[in-house]
Amino acid sequence: MPPLSPQQIDNLGKEMARVFVLDDFDIVFERYPGRLEAYDVLPADRSTRPMPFLTATCLKAIDNEGTLIAFLSRVVEHKWLKEDFRAVVFGHVRTLARPASASDTAPDVAAIIAALQALESITAADPTGGRCGCMTMCKFMRNHRLSIETVVQSLEQFEALKILHDSLHVLQVKGAEWIDQDDADPEPDLPLPILQSIVGTVRAAATTVRSRVPAAADAICERCIDTATDAEQRLASSDRNQHDFALAQLRGLVVAEPAQLDDCMFSLSRDLPLKQLRGLLESPGALAAPTGGEVAKATEALDRLSETMRAHILEHALWQATDRRIRAVARLLAQPSPGFLRDLFSEWSAIRQNLRTLVDVPASGAPSIDAALNGAIVLYEKALPTPGVERLGPPPDQRFAEMVAAFNEFRPKSRLHFLAVDQALKSVFSSLLPLRTSLIGLLNRVPTFCNCPVPP
């Protein structure tokens, strides 16, 4: 994307000032991949300076460093729950939540692995004898061992969370005919045994990964196991009431748990110590070829990889937030109260705003994904009776039926978009997993109590 204009940077600084406190600067600087620290950028008397001055000073320094986009992605993820704030940031920098469509991370991962293997070959050749091929490397490993172990553990946890999340997403999408049906819907085309098999996959996934997920996700695994087990038993019954109860259980599961898992993955990504990983790659300093060249390529690859991962994470999180609102619209249309149009407007406005970030306008001139439903909502509103105004055209109940039909066409389209994003995120995570072996190799190569001489 083209560089942000001074006016855009100024506007972003004002928005940051609205939601930031002093401690937020330290947190974001610790997470972004640049080399500046908060104390490098902000004045010593920061506590007495107005926040707009501090955010403007911060963004100017970051822009001069050339890491503004990466910095803003950490700002957004840090203040993710401030929905109006993230909407403004995405409005200026849509690419934060739009990874390149052909983002192949495999070459970058391969470059990092090659550098780690090259470093392993020269590190701690005989640590117990005090002889080492790269003392600066050993010193860095000793000082940052916990951070490197955190990267390894995070990759394990990423994989475990994604396995469970994927099983729930399959249930949500493939089981939609059963889970989302109401009394007016025809009998689902998906055979019941297939639905039972999908539910069994959720139970098996939760059971398998429970020992590998972060502590915060243990309760999620327990709920998935208990709910899926009970639903399997009820679906095996010939009692229709038992089926309905099981479907209600599964409906609650796919509404609540993917968002919880998404929050866990979001936290893992946010707290991944990438600065320390880059420091590990750069710790040997000026090395002779070919190791030096491999390290230089790897640091560039790590920067690209971390930003690609961030974009996928933010895109997925924004889709997750959008899907929650789509479900809220479904509830409003299923049981409309007298004032439901006000709530519908609130939910639908937020959905459309998110879709402007998430979905490209068709180049062919075809209508956007939300056009038909938006038009149906407008027509329904116009059909409502107003004192002193003669209404022409179909009555409100017919317009309402058209609105529901438009929603039923919109929802599967949005799910397909979300599923594609979900699969892309899974692909990115999978590509990172080979890093574990190389990092574990280095951890084993440099013992905690290595006897290598300490470099000056």
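Every value quoted in this text rests on a predicted model; they were computed, and no experiment measured them.

With that settled, the discussion passes to the packing of helix α1 (residues 6–19) against helix α6 (residues 83–92). Interaxial distance between α1 and α6 falls to 10 Å at its minimum, and their mutual angle equals 170 degrees. Taken together, the axes of α1 and α6 are roughly antiparallel relative to one another. Remark: the crossing between α1 and α6 carries left-handed chirality. Note on element contacts: α6 touches α1 through D84, F85, V88, V89 and H92, opposite Q8, N11, L12, E15, M16, R18 and V19.

With respect to the helices and strands, L235 occurs in helix α12 (residues 218–235). By relative accessible area, L235 is classed as buried at 1%. Sequence separation of L235 and A246 is 11 residues, and the distance between their C-alpha atoms is 6.5 Å. Residues within four places of L235 in sequence aside, it is in contact with L192, L195, Q196, V199, H243, A246, L247 and L250.

This structure, assessed with the given rule, holds 30 salt bridges. Note that E159 is salt-bridged to R212, the shortest N-O span being 2.4 Å. In this pair, E159 sits in helix α9 (residues 145–174) while R212 sits in the loop between α11 (192–209) and α12, placing the two residues 53 residues apart along the sequence. For R325, the salt bridge identified is with E347, shortest N-O distance 2.7 Å.

In this fold, R31 is placed in helix α2 (residues 22–31). At 3.5 Å, the side chain of R31 forms a polar contact with the side chain of H78. Once residues lying within four places of it in the same chain are set aside, the contact partners of R31 are R74, E77, H78, R270, D271 and R310.

Residues of helix α19 (residues 435–445) that are buried include every one of L435, R436, S438, L439, G441, L442 and L443, and no others. The secondary structure elements touched by the buried residues of α19 are α7 (106–122), α8 (135–143), α9, α14 (274–282) and α18 (396–432).

A few words now on the environment of H78. One can find H78 in helix α5 (residues 68–78). Once the C-alpha coordinates of H78 and S267 are considered, the two residues, 189 residues apart in sequence, prove to be 9.5 Å apart. At a separation of 2.7 Å, a polar atom in the side chain of H78 contacts the side chain of D24.

Counting residues in hydrophobic clusters, the biggest one holds 132 residues, and the most contacted among them are F71, L280 and M403. Considering each element in turn, this core owes the most residues, 16 residues, to helix α15 (residues 291–334). In contact with L280, other than residues within four places in its own chain, are L116, L119, M137, F140, M141, I148, L439 and L442.

The next thing to look at is the packing of helix α17 (residues 371–383) against α18. Look at α17 against α18: their axes get within 9 Å of each other, and the N-to-C directions meet at 165 degrees. Classed by the angle they form, the pair α17 and α18 counts as roughly antiparallel. Classified by chirality, the crossing of α18 by α17 is left-handed. In this structure, α17 uses A372, L373, A376, I377, L379, Y380 and A383 to contact α18, whose residues at the interface are P396, R399, F400, E402, M403, A406, F407 and F410. The residue makeup of the contact of α17 with α18, split by class, is 13 nonpolar, no polar and two charged.

About the criteria used
Residues numbered from 1 in each chain as written. Predicted model: local features only at pLDDT ≥ 70, side-chain atom pairs only at ≥ 80, totals over all residues. Heavy atoms only, no water. Axes fitted to C-alpha atoms, helices over the stretch in contact; angles between N-to-C directions. Helix = DSSP H or I, 4+ residues; strand = E, 2+ residues; numbered from the N terminus. Parallel < 35°, antiparallel > 145°, perpendicular 65-115°, else oblique. Left-handed = near helix turned anticlockwise from the far one by under 90°. Contact = heavy atoms within 4.5 Å. Buried < 20%, exposed > 50% of the residue type's maximum accessible area, 1.4 Å probe, protein only. Salt bridge = Lys/Arg side-chain N within 4 Å of Asp/Glu carboxyl O. Polar contact = N/O pair within 3.5 Å; in protein donor to acceptor, adjacent residues only side chain to side chain. Core = buried A, V, L, I, M, F, W, Y, C linked by side-chain atoms within 4.5 Å. Nonpolar A, V, L, I, M, F, W, Y, C, P; charged D, E, K, R; others polar.

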